[in-house]
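Spelled out, the chains give:
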Amino acid sequence: MSAVTNHYLDIRSYRDQRIGELPLTSAVLNERHDDIMLRTIHKSMELHSSIYGPPPSPFCFFLMGSAGRKEQGVWSDQDHGIIYDSSSDETKLYFVSLGEEISAGLAVTGYKLCDGKVMASNPFWCRSRKEWVEQAEEWTNDQSWESIRHLLTFLDGRCLIGEEAYLMEIKSAAYRFIHHKRLISRMMENTMHVKKAVNMLGQFLVETHGAYSGLLNIKETGLFPYINAGRILAISENLMETSTAMRLKTLPSSILSEGRKKSISEQFIRLQDYRIQFGNHKDYESGHYLFIDRLTKAERKELKELIKDGQLLNEYVRKFAERKEYDGDE
């Protein structure tokens with residue numbers, strides 16, 4: 001057993017207990033994830049400081065992806081970064097090293113390392129405030145599929161520890177660059193593909209082969225349309241909220257009526273709860289799939305309605321984005 005593993009075993013035991021406790025709604029689950037991650041990161045900071053000393057600069061440790069949006073399933077991978085104040089080489093080395101400790105600790109406590117290396121242990125996601133503003137501008141100048149994907153990922157960022165103002169500063173700069181270059185439609189293109197969930201006969205389009213045969217990919221068919229639509233609308237209106245439900249709730253009524261905002265937010269929350277209640281939670285990847293055969297007839301009908309409304313929302317936002325940029329409202 002490595003020294004790293006040993007330091008975090010008590011938190012891993014705590015995680016396994018807390019995640020299994022009922023009742024478990026999406027909101028409760030994500031509060032528990034925050035608690036577990038905070039315990040882990042504080043332990044990482046304690047261990048790192050015992051060797052390298054205290055942080056040489058104020059900083060912000062932020063979460064992205066489903067953690068940034070407070071929309072994690074039972075299992076989750078890591079998506080995080082660091083913004084620090086000083087621009088010296090020594091400061092960068094310190095925080096990349098801290099990012100490595102945090103990434104290792106989170107891996108032990110139940111959070112899979114990100115395959116794309118979107119973690120504070122990667123210097124690309126660990127930068128000074130000045131470097132982050134420059135990076136945001138570079139993404140909007142480049143406008144490649146990868147740059148837009150990175151930008152969308154960053155805009156789901158939520159400060160977990162440290163100086164939240166640093167993250168707000170970079171986001172505000174990113175919004176200015178996006179609107180100046182009229183990138184809303186371009187960003188929409190990056191998330192336009194919606195995987196169908198129901199065929200013309202009203203039957204669920206489940207996986208037909210492989211480990212998840214007979215299961216429905218609820219992440220791609222149900223959750224993504226709401227998530228992508230909420231993000232585009234948030235960018236359009238310069239909203240700093242990161243959760244999809246809150247992004248939808250805080251939109252001005254000129255975009256969605258008060259009743260519609262409330263309804264769509266509740267639908268998305270309900271869809272997340274379906275994932276928790278009927279999901280296959282063996283590991284991170286399997287958590288994206290639902291056991292359709294465990295649903296009652298009424299639940300199947302409701303699930304189809306939730307998915308359909310998310311796809312309609314996605315289409316509405318696509319037309320909204322095109323009209324907004326065409327009219328010069330940016």
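This structure is a prediction, so every number in the text was calculated from the model and none was measured.

Visitor: Would you explain the pattern of salt bridges in this entry?
Guide: If charged atoms from side chains of opposite charge come close, those side chains can pair. The full count for this structure, using the stated rule, is 22 salt bridges. Close ionic contact of lysine 130 with glutamate 134 constitutes a salt bridge, the shortest N to O distance being 2.6 Å. Of this pair, lysine 130 and glutamate 134 both sit in helix H5 (residues 129-142), 4 residues apart, which is roughly one turn of that helix. Residue lysine 130 is classed as exposed on the basis of its relative accessible area of 53%. For arginine 231, the salt bridge is made with aspartate 156, and the minimal N-O distance between the two is 2.9 Å. Placement of the pair is arginine 231 in helix H9 (residues 218-236) and aspartate 156 in the loop between helix H6 (145-155) and strand S6 (158-162), with a sequence separation of 75 residues.

Visitor: Can you help me understand the side chain of histidine 80 in this one?
Guide: As for its placement among the helices and strands, histidine 80 is situated in strand S3 (residues 80-84). Here the side chain of histidine 80 touches glutamine 78 through a polar contact of 2.7 Å, side chain to side chain. In this structure histidine 80 touches Phe61, Phe62, Leu63, Met64, Ser103, Leu106, Val118, Met119, Ala120 and Trp125, once residues within four positions along its chain are discounted.

Visitor: Looking at this structure, how should I read H6?
Guide: Residues lying three or four places apart along an α-helix face the same way, a consequence of the helix completing one turn every 3.6 residues. Within H6, 8 of the 11 residues are buried, which leaves it mostly tucked inside the rest of the structure. When we look at burial in H6, the residues that qualify are Ser147, Ile148, His150, Leu151, Leu152, Thr153, Phe154 and Leu155. On its buried face, H6 is in contact with strand S1 (59-63), H5, helix H7 (164-180), helix H8 (184-190), H9 and helix H10 (244-249).

What counts, and where the lines are drawn
- Residues numbered from 1 in each chain as written.
- Predicted model: local features only at pLDDT ≥ 70, side-chain atom pairs only at ≥ 80, totals over all residues.
- Heavy atoms only, no water.
- Salt bridge = Lys/Arg side-chain N within 4 Å of Asp/Glu carboxyl O.
- Helix = DSSP H or I, 4+ residues; strand = E, 2+ residues; numbered from the N terminus.
- Buried < 20%, exposed > 50% of the residue type's maximum accessible area, 1.4 Å probe, protein only.
- Polar contact = N/O pair within 3.5 Å; in protein donor to acceptor, adjacent residues only side chain to side chain.
- Contact = heavy atoms within 4.5 Å.

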